[in-house]
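# Structural description and commentary
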Amino acid sequence: MTRVLVTGGAGFIGSHIADALLARGDEVIVADDLSSGHRENVPAGARFVEADLAEPETLTDAIAGCDGVIHCAARASVTTSIDDPVHSNRANLQASTRLLLAARDAGVRRLVYSSTSAVYGDEVEGEAHEALRERPVSPYGMNKLAAEHLFRMAPALYGVDTVCLRYFNVYGPRQDPSSPYSGVISLFVTAALEGRPPTIYGDGGQSRDFTFVGDVVRANLAALDAPVGGGAAVNIGGGRPTDLLALWAAICRACGVDNLQPDHGPARPGDIRHSRAAVARVAELLGWRAEVPLDAGLEATVAWYRAHPLAAP
Ligand code: UD1
């Protein structure tokens, strides 16, 4: 790949991907509507286009001459999708549909889609395996699954080869903690650094397969470069879940603070109880596996929040 469009490249995951592409010598174009991303996250070496993907005009220019597209732009919150499913449709499905047509028109060879473990829903016993029937329990998960189906059909119908990556709870430097719907690790680390107790929704026994952003970047590069995409959907997670009480304890250790007793609030509607990736398929298809253990990832994350206190709410 030589010229790559990163949608959502002003956001948390997309900006790390843009950094990595530039570091290996690719030309990078970032398209972002700055609805949740920040202009400062866009690396200096990338061209920036402010674009709402659901409105196609600005995209035509941004995507021209690109071989590859990494599609991270999304409204990535389960809770806000329940409150405003029409907006979730627009940002997560309509925008993806427009992008696919623009990719076809521009002759893009490979599109890598940031999907989510939320497509599986809440009925999974044990590991979430890609062969399971998906039963999302939020409009967000449903939109992401619908876009996956579109990208699965894309090689045959639109001549654009694709790979869908189902992320399991990504965390790391630059994750924005400023909304109550931000990723739990960004909220818990900023609480610990400020000496506040976190709020745990429910009993804290729910678990997540937390995945460090550096591992997610490697997965995207592997998906961009793989000889064949074929519309495959693969899990991006380590297969080692942590419950929220254990997570809070690990964060207190990483921050060097006392383990404050968390506050508890009611469980969130649409919340999944347990989430754990099956890891065999991605290893086989992309040769990828998660490499950063939670403690090491938390250490890097805490160091970043200490160095960027203004990012705190
Ligand atoms: C997250 C992602 C979503 C992704 C999905 C699957 C975010 C904001 N959402 O959803 O885009 O598709 O993983 O990878 O990253 N919690 C608390 N206290 C808090 C915040 C959260 O107890 O202050 C709990 C939640 O109720 C939930 C868990 O922590 O049980 C994780 O929540 P969150 O980080 O919002 O992620 P998901 O809802 O799993």
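Residues numbered from 1 in each chain as written. Predicted model: local features only at pLDDT ≥ 70, side-chain atom pairs only at ≥ 80, totals over all residues. Heavy atoms only, no water.

## Some thoughts on the nonpolar core
Counting residues in hydrophobic clusters, the biggest one holds 53 residues, and the most contacted among them are L21, L165, I236 and I251. Mapped onto the domain boundaries, this core takes at least three residues apiece from domain 1 (3-169 + 211-236) and domain 2 (171-208 + 240-278 + 292-311). Excluding its chain neighbours within four sequence positions, the residues that come into contact with L165 are V112, Y113, S114, S115, T116, A219, N220, A223, V234, I236 and L286. Counting 28 residues, the second largest nonpolar core, distinct from the first, contains A31, A54, A95 and L111. (Core = buried A, V, L, I, M, F, W, Y, C linked by side-chain atoms within 4.5 Å. Buried < 20%, exposed > 50% of the residue type's maximum accessible area, 1.4 Å probe, protein only. Domains from an automatic or database assignment. Contact = heavy atoms within 4.5 Å.)

## Here's the deal with the domain arrangement of the chain
By the assigned domains, the chain splits into domain 1 (3-169 + 211-236) and domain 2 (171-208 + 240-278 + 292-311). A separation of 24 Å is found between the C-alpha centroids of domain 1 and domain 2. Roughly 2,100 Å² of surface becomes buried between domain 1 and domain 2 when both sides are summed, with 55% attributable to carbon and sulfur atoms. When residues of domain 1 are sorted by the area they lose upon contact with domain 2, F12, N169 and F212 head the list and together hold 28% of the total. Summed over the shared surface of domain 1 and domain 2, the result is 2 salt bridges. Those elements that provide at least two residues to the side of domain 1 that touches domain 2 are α1 (12-23), α3 (78-83), β10 (211-212) and α7 (213-225). It is α3 that provides the largest number of residues to the side of domain 1 that touches domain 2, a total of 5 residues. Among the residues forming the side of domain 1 that touches domain 2, the class breakdown is 9 nonpolar, 15 polar and 6 charged. (Buried area = accessible area lost by both parts, 1.4 Å probe. Salt bridge = Lys/Arg side-chain N within 4 Å of Asp/Glu carboxyl O. Helix = DSSP H or I, 4+ residues; strand = E, 2+ residues; numbered from the N terminus. Nonpolar A, V, L, I, M, F, W, Y, C, P; charged D, E, K, R; others polar.)

## Some remarks on the packing of aromatic side chains
Evaluation of the coordinates by the stated rule reveals 5 aromatic pairs. Geometrically, the ring pair formed by Y113 and F151 is tilted, given 4.8 Å between the ring centres and 50 degrees between the ring planes. With Y113 in strand β5 (residues 110-116) and F151 in helix α5 (residues 139-158), this pair connects stretches of sequence that are 38 residues apart. For the pair Y113 and F151, a shared accessibility class is recorded, and that class is buried. Aromatic pair Y171 and F212: ring centres 5.6 Å apart, planes at 65 degrees, arrangement edge-to-face. One end of the pair, Y171, is in strand β7 (residues 170-171); the other, F212, is in strand β10, with 41 residues separating them in the sequence. The exposure class assigned to F212 is buried, which follows from its relative accessible area of 12%. (Phe/Tyr/Trp six-rings, centres within 6.5 Å; stacked < 30°, edge-to-face > 60°.)

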